[in-house]
Amino acid sequence: MNLEDKNLEDLFKVADKVGKKRYHKLTHQDLEDYRKFDHWRYVNGSAECGTTQESKDWVKNNSDWHCPICGSRFANVGGRTIDHKLPRSQYPWLSLDFRNLWVICRSCNREKGEMHWYEYEHYMFIHYPNRYQDIQLFRPRQLLKSLKANQ
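Treat the numbers as computed from the prediction; the structure is a model and nothing was measured.

Engineer: What is the right way to read the overall build of the protein chain from this model?
Structural biologist: A count of helical and extended segments in the protein chain gives seven helices and two strands. Reading the protein chain from its N terminus to its C terminus gives the helix and strand order α-α-α-β-β-α-α-α-α. Here the protein chain holds 151 residues, and 38% of them are scored as buried. Contacts spanning at least 24 positions in sequence make up 61% of the contacts within the protein chain whose residues lie at least 6 apart. Per element, the accessible surface of the protein chain, about 8800 Å² overall, is 48% carbon and sulfur.

Shown next, in the form of structure tokens:
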């Protein structure tokens, strides 16, 4: 069976299994990359200091005027945020993998929180079924393939 053909529950199980296995084998480089994200995202590694020009440029180049989840104009809902599709807390080695990043509004980022992508898809399917198809378009397929390859 092809990874693309697996249903949501199967994909979640694969990602969870591989993620847990990989998480228990974190390397020094994984932790360095985790810290590098903070430096890339925040000036001097501090959220209170604001975002770096490099991360601001990345956000501008990887988003338009509206949140891909709720459709709200970023300017009307507190601006843009960078979110990890697979949470840093569970997948620290993917902190700086740009396939794992997307730009969403602050409100949607807070609502998603630390949910694993497939928990989030399930949440959206239950609570916002009219938005579910849009969320599926952003599924981190390449990341899942890379996780499966490193199994």
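Engineer: Please clarify how the environment of Asp33 should be interpreted in this entry.
Structural biologist: Following the sequence through the fold, Asp33 ends up in helix α2 (residues 28–41). Each C-alpha atom of the pair Asp33 and Pro92 lies 7.9 Å from the other, and the pair is 59 residues apart in sequence. Ignoring sequence-local partners within four residues, the contact set of Asp33 consists of Ser95 and Leu96.

Engineer: Explanation requested: the pairing of strand β2 (residues 101–105) in the structure shown.
Structural biologist: For a regular strand, side chains alternate in direction, first toward one face of the sheet and then toward the other. Counting buried positions along β2 yields five of five residues, so the element is predominantly enclosed. The alternating pattern of β2 places Leu101, Val103 and Cys105 on one face and Trp102 and Ile104 on the opposite face, and all of these are buried. One ladder, built from five bridges, connects strand β1 (residues 80–84) with β2; its direction is antiparallel. Paired with Arg80 across the two strands is Cys105, which belongs to β2.

Engineer: Looking at this model, I keep getting lost on the nonpolar core. Mind explaining?
Structural biologist: Generally speaking, a soluble globular protein has its nonpolar side chains buried in company with each other. Membership of the largest hydrophobic core comes to 29 residues, with the highest contact counts inside it found for Ile69, Tyr120 and Leu147. When contributions to this core are tallied by element, the ones reaching two or more residues are α1 (8–23), α3 (53–61), β2, α5 (117–127) and α7 (141–149). For this core, the element with the highest residue contribution is β2, accounting for five residues.

Engineer: Looking at this structure, I do not really get the side chain of Arg139. What am I missing?
Structural biologist: Of note, Arg139 is situated in the loop between α6 (132–136) and α7. Owing to a relative accessible area of 14%, Arg139 belongs among the buried residues under this scheme. Within the structure, the side chain of Arg139 is placed 2.6 Å from the side chain of Glu121, a separation counted as a polar contact.

Engineer: Any chance you could explain the state of the cysteines here in plain terms?
Structural biologist: Throughout this description, disulfide means a covalent bond between two cysteine sulfur atoms. Applying the stated rule across the entire model yields zero disulfides. Of all cysteine sulfurs in the structure, the one in Cys105 sits closest to Cys108, which takes part in no disulfide; the separation is 3.6 Å. Note on Cys108: relative accessible area 4%, which makes it buried.

Engineer: I would appreciate a short explanation of the pattern of salt bridges in the present structure.
Structural biologist: Side chains that carry opposite charge are capable of pairing whenever their charged atoms lie near each other. Enumeration according to the criterion identifies three salt bridges in this entry. Taking the shortest distance from any N to any O, the salt bridge between Arg99 and Asp97 comes out at 2.7 Å.

Engineer: Looking at this structure, how should I read the packing of aromatic side chains?
Structural biologist: Two aromatic rings are characterised by how far apart their centres lie and by the angle between their planes. If you walk through the whole model with that rule in mind, you get seven aromatic pairs. Ring centres of Trp102 and Trp117 lie 5.0 Å apart, and the angle between their planes is 70°; this geometry places the pair in the edge-to-face category. One end of the pair, Trp102, is in strand β2; the other, Trp117, is in helix α5, and 15 residues separate them in sequence. For Trp102, a relative accessible area of 4% corresponds to the buried category.

Definitions and cut-offs
- Residues numbered from 1 in each chain as written.
- Predicted model: local features only at pLDDT ≥ 70, side-chain atom pairs only at ≥ 80, totals over all residues.
- Heavy atoms only, no water.
- Helix = DSSP H or I, 4+ residues; strand = E, 2+ residues; numbered from the N terminus.
- Buried < 20%, exposed > 50% of the residue type's maximum accessible area, 1.4 Å probe, protein only.
- Contact = heavy atoms within 4.5 Å.
- Areas by Shrake-Rupley, 256 points an atom, 1.4 Å probe, with all protein chains shown as cover.
- Pairing = 2+ DSSP bridges.
- Core = buried A, V, L, I, M, F, W, Y, C linked by side-chain atoms within 4.5 Å.
- Polar contact = N/O pair within 3.5 Å; in protein donor to acceptor, adjacent residues only side chain to side chain.
- Disulfide = S-S within 2.5 Å.
- Salt bridge = Lys/Arg side-chain N within 4 Å of Asp/Glu carboxyl O.
- Phe/Tyr/Trp six-rings, centres within 6.5 Å; stacked < 30°, edge-to-face > 60°.

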